[in-house]
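Coordinates in review
Chain by chain, the residues run as shown.
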Amino acid sequence: MNPIKTCLFLTAFSLPAFLSAQEMSAKFRKQVIAFESAESVGVMDVDNDGIPDLVSGSYWFKGPEYIDRFTIGQVKQYGEYFEDFSTIPMDVNSDGKMDYITGGWFEGKLIWKENPGNNKEWATHLIAETGNVETARGWDLDRDGILEIIPNTPRKPLAFYKWVSGGTFEKYPVWETQGHGLGFGDINQDGRGDIIMSDGWLEAPADLKTGKWILHPDFKLGDASIPILVVDVDKDGLNDMIVGQGHDFGLYWMKQVKTGNQISFTKHPIDPYQSQFHTMEWVDLDNDGENELITGKRYRAHNGKDPGGKDYAGLYFFKWNGSSFTKHVISYGPLGEGKGTGIYFSVSDLNADGKMDIAVAGKDGLVVFFQI
């Protein structure tokens, strides 16, 4: 096992660089869509009019104004949580209408919701009884152009679900157990996508259906973000990782160091002063040809019981400047002013102006930040 070497701060109390709204390379207009507290939002064309809509919790919201809303079906509530922990668009039954895949912690099921093409309630179909679903992600593991679905089920087996046809999926086991955190990307440059867990990375076999995954326990990431991003941050030809702490303080990147066939990682801080970086995206937000890191503090991830759980929520993007990340504040402040990330958010050009917008759900409401 290769140790993680930690870089020291220049000073014990140094703050991450950040820019004001006036100095930001991308600026945003905030539109509150709803005050529901579902924590996931997806972008898809529900009614096939060529305009992206929003799907979150029990409703979908018609674009481009996102004022009119329509019922999908009542999502069960457990305490502060709604049983809707992801919104992965997919035409599951190949009928030309976009459905979506979700799952939940309390019922432990991975399901898909069928778009009826009218204002009737969407039917719910079981994909698998998985155990507690922290959230799920869709990644093209076998590079056939179709997403495989991978739920993060802490302390339960890791598996992916491959779409077959007619609304059915096949299950393929990967590993006997997993922790809190999940990522996907080519770590060892063999052309295959590996799976990142909180306690190491799984080297993908040549045949994903029958081959054996190999665990490399090169790190321990704790209750890590979903996703853990696999990107070449410093452009040295080696894929690094970007990791948030989903239920504690800390956001950092792990530089890959390769000596011969030996791989290790060096930890570099991005923002150690906020907590609950539960989810993130890596997108070219400002159209400069370079991707930015979009993330923030989830609002009341464990009902305010996490370290820093009652601190102000916020949404940020971080821009790589060649040697470190610069923090740009999109939203920050008390409830009603600042906006957290929820558990699954979406980045898309919602109003066809050539600029990426951000749709964010959470216990602090559903909001769109339109880039201006």
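Figured I'd write up the structure that's included with this text. (Residues numbered from 1 in each chain as written. Predicted model: local features only at pLDDT ≥ 70, side-chain atom pairs only at ≥ 80, totals over all residues. Heavy atoms only, no water.)

**Let's talk about the pairing of strand 23 (residues 240–244)**
With respect to burial, strand 23 is a largely interior element, five of its five residues being buried. The two faces of strand 23 match: Asp-240, Ile-242 and Gly-244 on one face and Met-241 and Val-243 on the other face are all buried. Here strand 22 (residues 229–231) runs beside strand 23; their pairing, made up of three bridges, is antiparallel. Opposite Leu-229, over in strand 23, you have Ile-242 as the bridge partner. In the sheet, strand 23 pairs with strand 24 (residues 251–259) via four bridges, with the strands oriented antiparallel. Counterpart to Gly-244 in the pairing with strand 24 is Leu-251. Linking strand 23 to strand 24, which pair antiparallel, is a turn of six residues; within it Gly-250 sits at a positive phi near 130°. (Buried < 20%, exposed > 50% of the residue type's maximum accessible area, 1.4 Å probe, protein only. Helix = DSSP H or I, 4+ residues; strand = E, 2+ residues; numbered from the N terminus. Pairing = 2+ DSSP bridges.)

**Points about the sheet that holds strand 14 (residues 135–139)**
One open sheet holds the four strands; their spatial order is 14-15-16-17, and the pairing between them is antiparallel. Where the open sheet ends on each side, the last strands, each with one partner, are strand 14 and strand 17 (169–175). Averaged over all neighbouring strand pairs, the angle between strand axes comes to 25°, with direction disregarded. Sheet analysis places strand 14 next to strand 15 (residues 148–152), joined by five bridges and oriented antiparallel. Across the sheet, the residue bridging to Ala-136 is Pro-151, located in strand 15. (Axes fitted to C-alpha atoms, helices over the stretch in contact; angles between N-to-C directions.)

**Brief notes about the pairing of strand 5 (residues 53–56)**
Alternating residues of strand 5 divide into Asp-53 and Val-55 and Leu-54 and Ser-56, and every residue in both groups is buried. Bridging between strand 4 (residues 42–44) and strand 5 involves three bridges; their strand directions are antiparallel. Bridge pairing in strand 5 links Val-43 to Leu-54. Taken together, the three bridges between strand 5 and strand 6 (residues 59–61) define a ladder with antiparallel strand orientation. By the bridge assignment, Ser-56 is partnered in strand 6 with Tyr-59. With antiparallel pairing between neighbouring strands as the criterion, strand 5 and strand 6 make up a hairpin whose turn holds two residues, including Gly-57 at a positive phi of roughly 60°.

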